[in-house]
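Structural overview for review
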Amino acid sequence: MSVEFNLSNVIKAPVVSEKSTVAAETDNRFVFKVANQATKLQVKKSVELMFNVEVEKVQLLNVKGKTKRFGRFMGKRSDWKKAYVKLKPGHDIDFSAA
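Right, let's walk through the structure included here. (Residues numbered from 1 in each chain as written. Predicted model: local features only at pLDDT ≥ 70, side-chain atom pairs only at ≥ 80, totals over all residues. Heavy atoms only, no water.)

1. Quick word on the nonpolar core
Among the nonpolar cores identified, the biggest contains 16 residues, and F32, V34, V43, V47, V85, L87 and I93 are the most heavily contacted of them. Elements represented by at least two residues in this core include exactly strand 2 (29–34), helix 2 (40–51), strand 3 (55–63) and strand 6 (80–87). The residues contacting I93, other than those within four sequence positions of it, are F30, F32, V47, F51, V53 and L87. (Core = buried A, V, L, I, M, F, W, Y, C linked by side-chain atoms within 4.5 Å. Buried < 20%, exposed > 50% of the residue type's maximum accessible area, 1.4 Å probe, protein only. Helix = DSSP H or I, 4+ residues; strand = E, 2+ residues; numbered from the N terminus. Contact = heavy atoms within 4.5 Å.)

2. Some points on the pairing of strand 5 (residues 73–76)
With 4 bridges joining them, strand 4 (residues 67–70) and strand 5 adopt antiparallel strand pairing. Paired with T67 across the bridge in strand 5 is K76. Between strand 4 and strand 5, which pair antiparallel and follow one another directly, the connecting turn spans 2 residues, one of which, G71, has a positive phi of 65 degrees. (Pairing = 2+ DSSP bridges.)

3. Quick word on unusual backbone geometry
For N28, which is not a glycine, the phi torsion comes out positive at approximately 55 degrees. Along the chain, N28 turns up in the loop between helix 1 (18–27) and strand 2. Judged by relative accessible area, N28 falls into the buried class, the value being 18%. At N52, a position not held by glycine, the phi torsion is positive, near 55 degrees. Tracing the sequence through the fold places N52 in the loop between helix 2 and strand 3.

Here's what the structure looks like:
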């Protein structure tokens, strides 16, 4: 079963946290929230196209949604997929300019 994606719909948003900021500064690795069905190749092509950079490596992981309490009812946050994208030396993504 092959699902075709429009490359602009693969990346949903950058993940801005203390951990992702440290990874970007020290290891040239950026973190994105991506579509649940996205593959490494789709993420790589999408980042290269959107930010005009060269990608060295992509790591994907599924983040399980937490079980939370809403008043007297139990609920669950949605599961989502995260991508760690390592850029080749000499390339950088500046989110403040975008």
